[in-house]
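Overview (structure and organization)
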Amino acid sequence: MEEKLEKVRHSIEPILNEKEIIVDSVQYVFENNYYFLRIVLDKLNGIDLDTIVEATNLINPLLDELDLFEESYILDVLSKEKNV
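This section reports on the structure supplied with the text. Model, not experiment: these values are computed from the prediction. (Residues numbered from 1 in each chain as written. Predicted model: local features only at pLDDT ≥ 70, side-chain atom pairs only at ≥ 80, totals over all residues. Heavy atoms only, no water.)

What to know about the overall build of the chain
In plain terms, the rule: Here a helix means four or more residues in a row that DSSP labels H or I, a strand means two or more in a row labelled E, and each is numbered from the N terminus. C-alpha atoms define the radius of gyration in this analysis, and the globule rule sets the expected value at 2.2 Å times the number of residues to the power 0.38. Residue exposure ignores everything except the shown protein chains as possible cover, and the areas themselves are Shrake-Rupley values with a 1.4 Å probe.
Assigned secondary structure in the chain consists of 3 helices and 3 strands. Seen in sequence order, the chain has helices and strands lined up from the N terminus as α-β-β-α-β-α. Relative to the 2.2 N^0.38 estimate, which gives 12 Å for 84 residues, the radius of gyration of the chain is 12 Å and therefore close to what a compact globule would have. Overall size of the chain, expressed as C-alpha extent along the three principal axes, is 35 × 25 × 20 Å. Accessible surface, the chain as shown: approximately 5600 Å² in total, 46% of it carbon and sulfur.

Right under this line is the structure:
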């Protein structure tokens, strides 16, 4: 699983770095009968909801192209501040 998460990170980091968005962590977790691909983002001076939405829109097609996970999952993109 770690290898898949590293592939996700390496695939999304370049495009997010262009927007000055930092990938804090990438996790694949099972909670409440659902799998979540949880990507925690940060940005200098904080990250707002519009930036999270923009990042999600950039990440989605990359994940579709990678197609690394057999199970259905929910993409959960959130800010580091809200994850604490």
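A few points about the sheet that holds strand E1 (residues 21-31)
The strands making up a sheet associate through hydrogen bonds between their backbones, and the pairing can be parallel or antiparallel. Operational definition: Here the rule is simple: two strands pair whenever DSSP picks up at least two bridges between them. As a rule, the C-alpha atoms of each element are fitted with a line to give its axis, helices using only the stretch in contact, and angles between N-to-C directions run from 0 to 180 degrees. In this analysis, two residues are considered to be in contact whenever any of their non-hydrogen atoms come within 4.5 Å of each other.
Taken in spatial order, the 3 strands make up an open sheet running E1-E2-E3, and their pairing is mixed. The sheet is open, and its two edges are formed by E1 and strand E3 (74-79), each paired on a single side. Taken over all neighbouring pairs, the strand axes of this sheet differ in orientation by 20 degrees on average, direction set aside. Taken together, the 6 bridges between strand E2 (residues 34-43) and E3 define a ladder with parallel strand orientation. In the strand pairing of E3, valine 40 is matched with leucine 78. In the packing of helix H1 (residues 2-18) onto the sheet, the strands contacted are E1 and E2, and the crossing angle to E1 comes to about 145 degrees. Sheet strands in contact with helix H2 (residues 49-66) are E1, E2 and E3, and its direction is about 145 degrees off that of E3.

Considerations on the pattern of salt bridges
Just so we agree on the cut-off: Basic side-chain nitrogens of Lys or Arg form a salt bridge, by our definition, when they fall within 4 Å of a carboxyl oxygen of Asp or Glu. Three exposure classes are used, based on accessible area relative to the maximum for each residue type with a 1.4 Å probe and protein chains only: buried under 20%, partly exposed in between, and exposed over 50%.
In the structure shown here, the tally under the stated rule is 5 salt bridges. The closest approach of N and O atoms between glutamate 54 and lysine 19, which form a salt bridge, is 3.3 Å. Note that glutamate 54 is positioned in helix H2 and lysine 19 in the loop between H1 and E1, a separation of 35 residues in sequence. For lysine 19, a relative accessible area of 37% corresponds to the partly exposed category. Across the salt bridge formed by arginine 38 and aspartate 76, the nearest N and O atoms sit 2.8 Å from each other. Of the two residues, arginine 38 sits in strand E2 while aspartate 76 sits in strand E3, which places them 38 residues apart along the sequence. Given the relative accessible area of 12%, arginine 38 is considered buried. Shared partners join several salt bridges into a network, and the residues in it are Glu31, Arg38 and Asp76.

What about H2?
Which entries qualify depends on this criterion: Residue count minus one, scaled by 1.5 Å, sets the expected span of a helix.
Over its 18 residues, H2 extends 25 Å from the first C-alpha to the last, a length consistent with the 26 Å expected when each residue adds 1.5 Å. Those residues of H2 that fall on the buried side of the exposure criterion are Thr51, Ile52, Ala55, Thr56, Ile59 and Leu63. Where H2 is buried, its residues touch H1, E1, E2 and E3. Among the residues trailing H2, aspartate 67 stands out with phi positive, at a value near 50 degrees.

Scope: geometric values only; no functional claims are made or implied.
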